[in-house]
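These are the residues of each chain, in order.
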Amino acid sequence: MSERPYLHIKDLKINFVSYEGEKTVLNIDEIKINKGEAYGIIGESGTGKTVLALSILQLLEMPPGKIVSGQILLEGDDLLKKTQRQMQKEIRGKKISMIFQDPMSTLNPVFTVGEQMIKVIEENQKLDRKQAYKKAVEMINTVKLADAERVMNKYPHELSGGQRQRVIIALALSCGAEFIIADEPTRNLDVTIQAGILKLIKNLQRNLNVTVLFIANNPGLISATCDNAGVLYKGEIIEKGTTREILRNPQHPYTFTLLNAIPKNKDTKIDLSKVIPPNDGEEIKEGCIYYNRCLKKQESCKKQQKLLNVKDTHYVKCSLFREGVNNEQ
Amino acid sequence: MNQSQLIKSLKPKYKEFKVSLFLLKKNRLTKMALYGVVLLVLIAIIVPILLPSAQHIDQDANPQQKLLQPSLRHPFGTDELGRDVFKRVLLGTRISLQTALIAVGMALLIGVPLGAVAGYFGGFLDEIIMRFTDIFLGFPPLLLAIAIASFLGPNLRNAMLAIAISWWPWYTRIVRGQAVSLKERQFIKASKAIGSPPRKIIFKHIIPNCVAPVIVQASMDIGGVILTIAALSFLGLGAQAPAPEWGLMVSTSRNYFLNAWWYSVFPGLAIFFTVLVFNLLGDGLREILDPKTRKN
């Protein structure tokens, strides 16, 4: 990767301050996303996926959040150095927009869907109302919602979760941003609609050359949409590389057990001994953050872990890899 | 897409309005209150046009007919200058409604944006605004209004100002409470994420979402404000003679109460009826606008 990546996150460390003291919630060494690429982030609940998304947009509540160190470079510009006002004027909606994970509460309940879309389009693209209306209908058609003009006249509560999620995607797209953060955009949706939305995002990325940061807790969704991906655990990227490498040849015990947790078909029983164990093992101060739950822990895990190179396109933060412990079994 | 669809898309509230109307019809007390309000508004608009002469004391006064009992010719009797109390009560409707609407409107204009700003930004600004409203809330509203009105000088315009100044903190509190909970909602965050400035979020997202409780409070307050205006006029701090203001009429009639009961009773009944009707409407509106009771 000789050229400058579109989004470059360097040594980002974010703490949450509470009465118990400071706790690190995000500690990312490096994420590079190229222009026009779809990058996936997977991890369990509470590993900091949404915190990452919000901190890119500087929407993280600042107490309790606290940025300790690091840079988020968007085309070389450090987003963390910008003021809220600059973010609002130059970045949010202009360059980056976000699809939120909860379709039930992301739309304003007192306005119709059309009204909200028209407002956003009028604001961001400087069109008059008639043109904005046309554009809104066009966007609703883009997300494959049937009967766009009728949908425009409905209030959010009159739409189903899937319809709303599509409206939200249409809204996020209609401001014309070139980078979209999709924070679990298919949560709460049924499988057919999930597939439709994944396809939609993939198409947008290909056809409009939109860069996508796709956040999910299901590795299957990543495999369908993303070129590269990172696995997030307790705020750290523990494995990253091409999606194919990560899913086919997982090197970190966590990724491995995460993939094992997906049911393959009705006959294969999930071997619970190979699925991620609960969070109740012995805690260690230093060393691998996954130590207390790891199935393959060894003495060497108590040392500081570094990101190791599996291939050019595949990195893992697990010392066991170098010692030749085969994760595939 | 053709023109008619476009127009339809621009009027999305129509259906919502029909649902409200339907709910209104089901609730008999509210329906009657609404008719009462409509009646009062009609009286306020039409009567001053029909009876232009009654507004001029010199044309209407007739000392030979002073303090006559209610009769067919004078349904509410006459006052100490021989003016027809019925006409004056009807004429008073416009004064009361107008002043009440303007006073509540001014209170809303001050209170709602302040509350939204306080709730949305929070922190230091919130602290300052809310402590400032606390100062105003510390005084009983009537007492504060009396103080302000007597400070500014006794006339109807100053009475309205006094009432607006003593009424806005309630709206600030309501809206702030709403804004604090609304700003945590996802759609506000989403709006920020697509780059809306705070001014836009406050006016397009926070305030429209606070409309229901504010309308309810305002329609109930109109009754209270009418009462307060009457009270101020009664104390000589509001409307001045010869204005046909209800409170003022009750005040002057005190001297004749023992032998001319009609002179104070009918303006008093007018105040009673108006306040009752607005309070009932406010109560009904609360039921209709509350999504928990709103089932169709």
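To be clear, the structure that these remarks concern was listed above.
The rules behind these values
The residue numbering used here restarts from 1 in each chain and proceeds along that chain's sequence as written. Just so you know, chain letters begin at A and ligand numbers begin at 1, following the order they were written in. Given that this is a predicted model, residues contribute local features only at a pLDDT of at least 70 and side-chain atom pairs are listed and counted only at 80 or more, while totals for whole chains, interfaces and linings are drawn from all residues. By definition, any uninterrupted DSSP run of H or I lasting at least four residues is a helix, any uninterrupted run of E lasting at least two residues is a strand, and each is numbered from the N terminus. With C-beta atoms placed from the backbone, the exposure class of a residue follows from how many other C-beta atoms lie within 10 Å of its own: 20 or more, buried; 12 or fewer, exposed; in between, partly exposed. In this description, any two residues whose backbone-derived C-beta atoms lie within 7 Å of each other are considered to be in contact. Each pair of strands is called paired provided DSSP finds at least two bridges between the two strands. Only C-alpha atoms enter the line fits that serve as axes; for helices the fit covers just the stretch in contact. Angles between N-to-C directions range over 0 to 180 degrees. Three classes are used, and their members are as follows: Ala, Val, Leu, Ile, Met, Phe, Trp, Tyr, Cys and Pro are nonpolar, Asp, Glu, Lys and Arg are charged, and the others, Gly among them, are polar. Take the buried Ala, Val, Leu, Ile, Met, Phe, Trp, Tyr and Cys residues, join any whose C-beta atoms are within 7 Å, and the set you get is a nonpolar core. Just so you know how the angles are binned, under 35 degrees is roughly parallel, over 145 roughly antiparallel, 65 to 115 roughly perpendicular, and the rest oblique. Helix crossings get a hand from a simple test, with the near helix turned counterclockwise from the far one by less than a right angle marking a left-handed crossing and a clockwise turn marking a right-handed one.

Attention now goes to the overall build of chain B. Per the secondary structure count, chain B includes 12 helices and zero strands. Reading chain B from its N terminus to its C terminus gives the helix and strand order α-α-α-α-α-α-α-α-α-α-α-α. Scored against the burial criterion, the 296 residues of chain B give a buried share of 42%. Here the contacts in chain B between residues at least 6 apart in sequence split such that 68% fall between residues at least 24 apart.

It is worth spelling out the overall build of chain A at this point. Secondary structure summary: chain A contains 10 helices and 12 strands in total. Long-range contacts, defined as pairs at least 24 residues apart, comprise 61% of the intrachain contacts of chain A with a sequence gap of at least 6.

This part is about the sheet that holds strand β4 (residues 65-74) of chain A. Residues and elements named next belong to chain A. The antiparallel open sheet is built from four strands, whose spatial order is β2-β1-β4-β5. Two strands in the sheet have a free side with no partner beyond their single neighbour: β2 (21-33) and β5 (77-78). Relative to β5, β4 runs antiparallel, the two sharing two bridges. In the sheet register, L74 faces β5, and the bridge partner there is D77. Most of the contacts of helix α1 (residues 49-56) go to β2, to which it runs at about 70 degrees, and overall it touches β1 (7-18), β2 and β4.

Okay, the interface of chain B and chain A next. Residue-level contacts link 20 residues of chain B with 28 residues of chain A. By residue number, the principal contributor to the side of chain B that touches chain A is helix α9 (residues 186-193) of chain B, which donates six residues. Considering only residue class, the side of chain B that touches chain A consists of nine nonpolar, six polar and five charged.

Turning to the nonpolar core, a few remarks are in order. Within the largest apolar cluster, 164 residues are counted, with the highest numbers of intra-cluster contacts made by A:A136, A:I140, A:F214 and B:I163. Considering every element that reaches this core, the biggest residue donor is helix α5 (residues 85-121) of chain B, with 17 residues.

Below, the discussion takes up the sheet that holds strand β11 (residues 308-311) of chain A. Sheet strands pair via backbone hydrogen bonds, and the direction of the pair is either parallel or antiparallel. All names here are of chain A. Pairing is mixed in the open sheet, where eight strands are placed in the order β6-β7-β8-β3-β9-β10-β12-β11. Single-partner strands in this sheet number two, and they are β6 (96-99) and β11. For this sheet the average axis-to-axis angle between neighbouring strands, irrespective of direction, equals 20 degrees. The sheet strands contacting α1 are β3 (38-42), β6, β7 (179-183), β8 (211-216) and β9 (228-233), and the helix crosses β7 at an angle near 155 degrees.

Residue and element names in this part refer to chain A. Relative to β2, β1 runs antiparallel, the two being bridged by 11 bridges. Bridge assignment links V17 to a residue of β2, and that residue is E22. Counting the residues between successive antiparallel strands, the hairpin from β1 to β2 contains two residues.

This next bit is on the packing of helix α7 (residues 141-152) of chain B against helix α10 (residues 198-234) of chain B. Residues and elements named next belong to chain B. Axis separation between α7 and α10 bottoms out at 11 Å; the angle between their running directions is 50 degrees. By the angle between their directions, the pair α7 and α10 is classed as oblique. Like other packed secondary-structure pairs, α7 and α10 cross with a definite hand, here right-handed. The residues of α10 that touch α7, namely those facing L142, A145, I146 and A149, are T228, A231 and L232. When its residues are assigned to classes, the contact of α7 with α10 shows six nonpolar, one polar and no charged.

What follows concerns the pairing of β7(A). Residue and element names in this part refer to chain A. The buried fraction of β7 is high, at five of five residues. Of the two faces of β7, the one lined by F179, I181 and D183 and the one lined by I180 and A182 are each fully buried. Here β6 runs beside β7; their pairing, made up of four bridges, is parallel. When the bridges of β7 are listed, M98 appears paired with I181. Across five bridges, the pairing between β7 and β8 is parallel. When the sheet's bridge partners are listed, I181 is paired in β8 with L213.

What follows is about the environment of B:N27. Residues and elements named next belong to chain B. Within the secondary structure, N27 sits in the loop between α2 (13-26) and α3 (28-50). On the basis of neighbour count, N27 is assigned to the partly exposed category, with 17 C-beta atoms found within 10 Å. Between the alpha carbons of N27 and L232 there is a distance of 34 Å; along the sequence they are 205 residues apart. Aside from chain neighbours lying at most four places away, what touches N27 is G284 and E287.

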